[in-house]
Structure formats: C-alpha cells, structure tokens
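Coordinates in review
Chain residues, written in single-letter form:
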Amino acid sequence: MLSRRVITRSGRHFRGRYPSRKLGRMVAFESLIERDVILLLEFSRGVQSYQEQPARIVYSDGQTVREYFPDFEARLVSGQQVHIEVKPSARLVSPKVARKLQQIAAHYAQHRDEHFRVVTELEARKEPLHTNLTMLSPLRAKPAAALQLLSQHLHGIPWHTLEASIGRDVLLKQVALGNLVCDLASPLQGDLMVFTAEEAAHDSLYL
C-alpha cells in the first residue's frame with residue numbers, strides 16, 4: 001500500500017504511470033527522472049520487487065520532528081531493502097537540500113533497517129544503459145512465444161551470432177521479456193555475451 005497518494009499535487013512536474021511487467025500493475029511517477037529510475041528497477045534482476053512512496057519516515061533535524069516520504073523502496077533478491085530518493089543533481093548543490101538529505105541518511109543509519117541512497121539523472125541516464133532500457137521497455141508489453149533455441153543451454157553466445165540466427169527484432173524482444181539475458185549497460189551488438197534466463201545471474205543491479 002502506498003504511504004500517500006501520488007500524481008495529485010499541483011505544479012509543473014511531469015507525472016504519469018508506468019506499466020510494470022515485474023509488478024503486474026501501473027507504477028506512478030512524478031518526474032521524468034523517477035520514470036527512468038523505474039526502468040532501472042524493472043530491468044535489474046537483482047530487484048525482486050519495488051514500490052513507489054512506500055513509507056512515512058519521521059526524523060529529527062536536531063530542532064524539529066519532520067516527515068519524509070522516500071520515492072521508492074527496492075526489495076533485492078539478497079533480502080536487502082533500499083529506500084531511494086530521486087533528485088536532480090542540480091538540487092544537490094543547495095545547502096538546504098544537502099543538509100536535509102544528510103539528516104535523513106543519518107536517521108536511516110541509526111534507526112532503520114533499510115539502506116538509503118540518492119539517485120540523480122546522472123545515474124538514471126547513464127549510456128548506453130538508458131538508451132537500451134528506453135528501447136526495450138515498450139517491447140515488454142506483449143508476450144512472445146519462446147523460441148526452441150531458448151530451451152537449450154546457450155552457455156553464452158555472442159550477440160552477433162544470435163542476431164544472425166534469429167534476427168535483431170526477435171532477439172531484442174526476448175531480451176526485453178527476460179528470456180535472454182545480457183549486460184544492458186553495454187552496447188547491444190558485437191561480442192556481447194547472451195545467456196538464457198536460467199544460466200544468468202539473478203543479482204544484477206543497474207542502480
């Protein structure tokens with residue numbers, strides 16, 4: 001359950017909903033950077049599940065008790081939970097914002113089991129990862145029949161070999177659906193090694 005409603009505040013922020021295949025529901029976001037962080041959470045096999053604005057955190061700034069709502073909670077396959085604050089990097093230069101985030105981080109370190117981290121567009125839009133995820137995301141909308149090839153152990157096959165065998169469109173679709181797995185932080189071409197989902201590690205994180 002969300003800790004508070006999203007996409008209801010007034011202002012000029014870009015808001016929308018992302019159709020999460022991992023969660024089987026629409027995920028609300030309140031900025032383009034948040035949408036890009038959702039892509040990282042969606043495609044990170046090390047993220048078991050995630051939720052937007054999962055909790056109300058009460059902390060002290062030394063003088064006043066304040067409340068804070070993290071943008072996302074990521075539950076990792078390792079069992080670890082991470083609360084994520086999404087901020088434009090330009091805002092981090094503000095002493096007021098930096099001080100607030102330091103106070104929140106200190107509260108997590110002293111009183112919470114979750115880890116706390118700040119993610120900016122510099123992490124969320126690293127290339128070629130960002131371009132790859134933006135391209136693959138729409139391909140997850142409709143399922144595709146599993147290829148006969150996918151029932152076999154690949155033991156790692158170069159991208160160019162698979163592309164020549166089954167075609168780029170089919171290959172991209174199978175990667176988008178998670179039937180085939182590769183390092184999405186690398187260019188999807190050439191000697192990039194591709195594995196079946198069963199062979200690939202389940203702890204990869206793009207955050």
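Heads up: the structure comes first, above all this text.
For the structure given in this document, a descriptive report is provided here. Please read these numbers as outputs of a predicted model, since none were measured by experiment.

**As for the sheet that holds strand β9 (residues 157–158)**
- Sheet architecture is open: three strands sit in the order β9-β11-β10, paired in antiparallel fashion. The sheet terminates laterally at β9 and β10 (180–181), the two strands that pair on one side only.
- Two strands pair when backbone bridges link them, and β9 and strand β11 (residues 193–196) are joined in this way by two bridges, in the antiparallel orientation. By the bridge assignment for β11, Ile-157 is matched with Val-194.

**A short note on the sheet that holds strand β3 (residues 47–52)**
- Strand order in the open sheet formed by four strands is β3-β6-β7-β8, and the pairing between neighbours is mixed. What marks the edges here is a single partner per strand, and that holds for β3 and β8 (115–119). Between one strand axis and the next, the sheet turns through 25° on average, direction left out of account.
- On top of the sheet, helix α1 (residues 32–43) reaches β3, β6 (72–76), β7 (81–86) and β8; it is set at about 10° to β6, its chief contact.
- Set on the sheet, helix α2 (residues 95–111) makes contact with β7 and β8; between it and β8 the angle comes to about 155°.

**As for unusual backbone geometry**
- In this model, Glu-127 is joined to Pro-128 through a cis peptide bond whose omega is 5°.
- Relative to the assigned elements, Pro-128 resides in the loop between α3 (121–124) and α4 (129–136).
- Look at Gln-53: it is not a glycine, yet its phi comes out positive at around 40°.
- Its place among the elements puts Gln-53 in the loop between β3 and β4 (57–60).
- The exposure class assigned to Gln-53 is buried, which follows from its relative accessible area of 3%.

**Notes on the packing of helix α5 (residues 159–166) against helix α6 (residues 168–177)**
- Relative to each other, α5 and α6 sit at 115°, their axes nearing to 7 Å. Listed contacts from α6 to Trp-159, Leu-162, Glu-163 and Ile-166 of α5 are Arg-168, Val-170, Leu-171, Leu-172 and Val-175.

**Some points on α1**
- Relative to the 16 Å expected for twelve residues at 1.5 Å per residue, α1 spans 17 Å between its end C-alpha atoms, a close match to the ideal helical length.
- Among the twelve residues of α1, ten are classified as buried, and the element is accordingly described as predominantly covered.

What counts, and where the lines are drawn
- Residues numbered from 1 in each chain as written.
- Predicted model: local features only at pLDDT ≥ 70, side-chain atom pairs only at ≥ 80, totals over all residues.
- Heavy atoms only, no water.
- Pairing = 2+ DSSP bridges.
- Helix = DSSP H or I, 4+ residues; strand = E, 2+ residues; numbered from the N terminus.
- Axes fitted to C-alpha atoms, helices over the stretch in contact; angles between N-to-C directions.
- Contact = heavy atoms within 4.5 Å.
- Buried < 20%, exposed > 50% of the residue type's maximum accessible area, 1.4 Å probe, protein only.
- Expected span 1.5 Å × (residues − 1).

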